[in-house]
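Here is what each chain is made of, one letter per residue.
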Amino acid sequence: MSTTRREVFGRLADGTDVHRWTLERGGTLLRVLDYGGIVQTLERPDRTGHVANLSLGFPDLVSYTTASPYFGALIGRYGNRIAEGRFTLDGTTYHLPVNDGPNSLHGGEDGFDKRVWDVRPNGGHGLTLALTSPHGDQGYPGRLDVEVDYTLGEDGSLRIDYRAVTDAPTVVNLTSHIYFNLAGEGSGGVGDHRLGLAAAHYTPVDEHLIPTGEIAPVAGTPFDFRRAKPVGRDLRDGHPQLLRAQGYDHNMLLDKGVTEEPEHAATLYDPGSGRLMTVATTEPALQLYSGNFLDGTLTGGSGRAYRQTDALCLETQHCPDSPNRPSFPSTVLRPGETYRSSTVYAFAVR
């Protein structure tokens with residue numbers, strides 16, 4: 001059985017109504033806002049049948065528009081960081097808004113996470129979100145027409161499919177910024193969650209969290225999740241990369257590379273609740289982020305304050321700063337081509 005509902009969630013300062021869409025199927029209840037394409041809640045039962053929201057987020061629109069660190073949002077045009085807010089494509093240098101120290105982060109000051117998307121039901125158990133980004137939007141070249149599908153499977157899995165076309169050469173790197181806590185939003189830290197990653201290499205970062213260009217092995221470092229281990233086991237290790245990022249905020253290179261269909265990338269398991277999540281993607285990498293900038297100043301739907309390591313982001317993507325790193329998989333999209341990316345989050349209990 002699947003259901004789709006829509007309701008008014010709030011109103012923006014310019015008078016635009018923001019709607020919340022609710023999907024339910026296979027034991028998963030998903031709530032999505034047309035503002036930012038935000039996954040507001042993602043609810044699943046634990047091994048005893050108790051249902052909890054696994055995604056950090058707010059109960060009101062004002063918090064999303066004024067204070068959100070990308071909770072649950074669709075990210076574009078370019079997920080992650082671009083060094084110094086500039087890149088060169090076909091001999092032309094483009095300048096982007098700088099909103100993260102010297103870098104452009106997650107599409108700039110007015111990224112896709114702050115837009116109202118057009119939403120329509122898709123097949124009775126999904127939603128299609130559409131957005132047009134004009135030429136020059138946040139400094140990026142070319143008009144970009146984007147569609148994103150949220151689909152719940154019969155088993156309650158969440159699949160996100162991204163598509164985009166352009167009328168001029170540009171760069172694209174779309175992702176979802178869900179903050180996961182499998183014990184439930186507001187329940188505390190995820191240090192006991194066991195994380196496994198199919199990634200033998202990662203990209204170390206400089207003092208501005210931009211990849212240095214090195215492809216480093218995870219063996220012998222805190223970044224080795226090839227055999228699942230508690231997220232918190234090595235989090236306080238004195239490794240220079242952990243100190244630099246105040247935790248995990250690193251691009252993990254998936255062993256599988258770019259694929260046509262989603263292939264296994266990660267597992268996340270909470271021993272307390274028994275909830276298990278697997279991640280499969282077509283993307284060559286994912287950003288592992290341990291909520292380092294959650295500082296206790298934000299409260300979520302539970303009414304409890306969010307602190308460092310209260311959630312984990314597994315942002316499937318191409319590499320940060322790829323437009324400035326020819327050795328990384330390309331993020332260039334040209335007219336006549338279609339950008340495609342898919343990620344599946346599947347759930348179980350044990």
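You'll find the structure just up there.
Described in the following lines is the structure provided in the data block.

The rules we used
In every chain, residue numbers begin from 1 and rise along the written sequence. Only residues with pLDDT of at least 70 get local features here, since the model is predicted, and only at 80 or more are side-chain atom pairs given and counted; chain-wide, interface and lining totals rely on the full set of residues. Side-chain numbers come from the whole structure's heavy atoms, not from hydrogens or water. Between Lys or Arg on one side and Asp or Glu on the other, a salt bridge is scored when a side-chain nitrogen of the former is within 4 Å of a carboxyl oxygen of the latter. Helix and strand assignments come from DSSP, with helices taken as H or I runs of at least 4 residues and strands as E runs of at least 2, each series counted from the N terminus. Whether a residue is buried, partly exposed or exposed follows from its accessible area with a 1.4 Å probe, protein chains only, as a fraction of its type maximum: under 20%, in between, or over 50%, in that order. In this analysis, strands are considered paired if DSSP registers two or more bridges between them.

Under the counting rule described, the total for this entry stands at 19 salt bridges. Across the pair arginine 25 and glutamate 154 runs a salt bridge, and its minimum N-O distance is 3.9 Å. One end of the pair, arginine 25, is in strand β2 (residues 17-25); the other, glutamate 154, is in the loop between β13 (144-152) and β14 (158-166), and 129 residues separate them in sequence. On the basis of relative accessibility, which here comes to 14%, the residue arginine 25 falls in the buried class. Take glutamate 154: its relative accessible area is 69%, and that puts it in the exposed class. Ionic pairing is found between arginine 226 and aspartate 224, a salt bridge with its closest N-O pair at 2.9 Å. Relative accessible area serves as the criterion here: at 46%, arginine 226 is assigned to the partly exposed category. A relative accessible area of 19% means that aspartate 224 is categorised as buried.

Right, let's talk about the sheet that holds strand β17 (residues 194-197) for a bit. Taken in spatial order, the nine strands of this open sheet run β11-β12-β13-β14-β29-β23-β22-β17-β20, and their pairing is antiparallel. The open sheet is flanked by β11 (118-121) and β20 (229-230), the only strands paired with a single partner. Where β14 meets strand β29 (residues 339-349), seven bridges bridge the pair, whose relative direction is antiparallel. Residue pairing for β29: arginine 159 is matched across the bridge by valine 344.

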